[in-house]
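# Coordinates in review
Next come the chains, spelled out residue by residue.
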Amino acid sequence: MTPTACLLIIGNEILSGRTQDANIRFIATGLAQAGISLEEVRVIPDRARRIIDTVVTCRAQFDHVFTTGGIGPTHDDITAACVAEAIGVPLEIHAETYAKLEAYLGKEKFNKARQRMAWLPRGAIPIENSVSIAPGFTIANVHVMAGVPSIMQSMFNALLPTLKGGAPLCSVAWHADLREGTLAEGLELIQHDFPELDLGSYPFERPDGRKGVSLVAKGYEQDKVAEAGARIYALIDSLGVTPVEGEPAP
């Protein structure tokens, strides 16, 4: 079975529109390559009860829960404390992390606010951060990372090789200058025959005004994806249009 995952994006700034999330695509792509299926993404505010309840719910439903945001030095960085409560363990100073941060920042700059970043749930395993030293952490099946994209990517790249995945997600795409409505019935029949795959129809418009559609089959069984791709090719060809492999150029 392909392991499943949920991503929790934590931050009032995302919900207010002040900040645009830049992490979903990076995480989704990495998980797909590792054979872990990202099945849900939630955006939630910096509210303790909401974070705790969401972590409790999601970690029971998915093999992995990834979070981004809320692990810095300010008053609204409450993710670590909330995850600790959701798991049922105390939040405490992680001695190794404390020492690393103090050495990196120096005793003068390592003030009380920055020391918050060395408080982890008891039993948590730090996730290395080559950008700013302050780690994320894993506890049980919850993986807590920063929201800043460069830092999150550093953490995610350190974390991913430690996770057990399955076969990588594979895909086949064909596109043509046809409209979705022309292909919809045939595509539905293919989807019926391949329920384990994700078949998608994505319209596009070329710079010269010509319009078309890209049909994509995705899944974790390479043979099935190839079969569905052949059916998609035949569907387009049956309408008197030559299919073009891959996604259309921007």
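The rules we used
Residues numbered from 1 in each chain as written. Predicted model: local features only at pLDDT ≥ 70, side-chain atom pairs only at ≥ 80, totals over all residues. Heavy atoms only, no water. Helix = DSSP H or I, 4+ residues; strand = E, 2+ residues; numbered from the N terminus. Buried < 20%, exposed > 50% of the residue type's maximum accessible area, 1.4 Å probe, protein only. Polar contact = N/O pair within 3.5 Å; in protein donor to acceptor, adjacent residues only side chain to side chain. Contact = heavy atoms within 4.5 Å. UniProt positions renumbered as here; feature names shortened; annotations may be inferred. Pairing = 2+ DSSP bridges. Axes fitted to C-alpha atoms, helices over the stretch in contact; angles between N-to-C directions. Salt bridge = Lys/Arg side-chain N within 4 Å of Asp/Glu carboxyl O. Phe/Tyr/Trp six-rings, centres within 6.5 Å; stacked < 30°, edge-to-face > 60°. 1 Å grid on protein atoms, 1.4 Å probe; cavity = no way out; pocket = protein on both sides within 12 Å on 5 of 7 lines; lining within 4 Å. Points joined across faces, edges and corners; volume = space filled by probe spheres on them.

### What about the side chain of Thr54?
Along the polypeptide, Thr54 turns up in helix α3 (residues 48–61). On the basis of relative accessible area, Thr54 is assigned to the buried category, the value being 7%. Engagement of the side chain of Thr54 in a polar contact is seen with the backbone oxygen of Arg50, the distance being 2.6 Å. Once residues lying within four places of it in the same chain are set aside, the contact partners of Thr54 are Leu8, Arg42 and Ile44.

### Notes on the environment of Ile27
Relative to the helices and strands, Ile27 resides in helix α2 (residues 24–34). Separated by 62 residues in sequence, Ile27 and Val89 have C-alpha atoms that sit 27 Å apart. If we ignore the near neighbours within four places in the chain, the residues touching Ile27 are Leu7, Thr68, Met145, Met152 and Phe156.

### Concerning the side chain of His143
Inspection of the secondary structure assignment puts His143 in strand β8 (residues 142–145). Here Thr138 takes part through its side chain, which lies 2.9 Å from a polar atom of the side chain of His143. Filtering out sequence-adjacent residues up to four positions away, His143 remains in contact with His64, Val65, Phe66, Thr67, Phe137, Thr138, Leu159 and Leu163.

### Overview of the UniProt feature "domain: MoaB/Mog" (unreviewed entry) in the protein chain
UniProt records the feature "domain: MoaB/Mog" (unreviewed entry) at residues 6–166, using the numbering of this structure. Segment residues 6–166 splits into 40% helix and 22% strand. End C-alpha atoms: 16 Å apart.

### Looking at the sheet that holds strand β11 (residues 211–219)
Taking strand neighbours across the sheet as the criterion, the four strands line up as β10-β11-β9-β12 in an open arrangement whose pairing is antiparallel. Pairing within the sheet leaves two strands with one partner each, and these edge strands are β10 (198–205) and β12 (244–245). Bridge count between strand β9 (residues 170–176) and β12: two bridges; the pairing is antiparallel. Counted as the bridge partner of Trp174 is Glu245 from β12. Relative to β10, helix α8 (residues 180–193) is tilted by about 165°, and along the sheet it contacts β10 and β11. Its contacts with the sheet put helix α9 (residues 222–238) on β9 and β11, and the angle it makes with β9 is roughly 5°.

### Some words on the pattern of salt bridges
Under the defined criterion, the tally for this structure stands at 10 salt bridges. A network of salt bridges, in which partner residues are shared, links Asp177, Arg206, Asp208 and Arg210.

### Side note on the packing of aromatic side chains
For the coordinates displayed, the defined rule picks out four aromatic pairs. Consider the rings of Phe26 and Phe156, whose centres lie 5.8 Å apart with planes at 70°: the pair is edge-to-face. You can see Phe26 sitting in helix α2 and its partner Phe156 sitting in helix α7 (residues 149–159), a full 130 residues away along the chain. When its relative accessible area of 29% is taken as the criterion, Phe26 is described as partly exposed. Taking the centre distance of 4.9 Å and the plane angle of 70° together, the rings of Tyr98 and Phe110 count as edge-to-face. Residue Tyr98 is found in helix α5 (residues 95–105), and its partner Phe110 is found in the loop between α5 and α6 (112–115); the two are separated by 12 residues along the sequence. The partly exposed category is assigned to Tyr98, whose relative accessible area is 23%. The buried category is assigned to Phe110, whose relative accessible area is 4%. Cluster of aromatic residues (ring-pair linked, three or more members): Phe26, Phe66 and Phe156.

### Describing the layout of surface pockets
If you add up the space inside the largest pocket, you get close to 600 Å³. Residue lining of the largest pocket: 34 residues in total, with Gly69, Gly70, Ala146, Gly147 and Val148 positioned closest to the centre. Counting residues per element, the ones that place at least two in the lining of the largest pocket are β1 (4–10), α1 (12–15), α5 and α7. Within this model, the second largest pocket holds a volume of roughly 340 Å³. In terms of lining, the second largest pocket is formed by 14 residues, of which the most central are Ala28, Thr29, Ala32, Leu169 and Lys218. Tallying contributions element by element places α2 first for the lining of the second largest pocket, with five residues.

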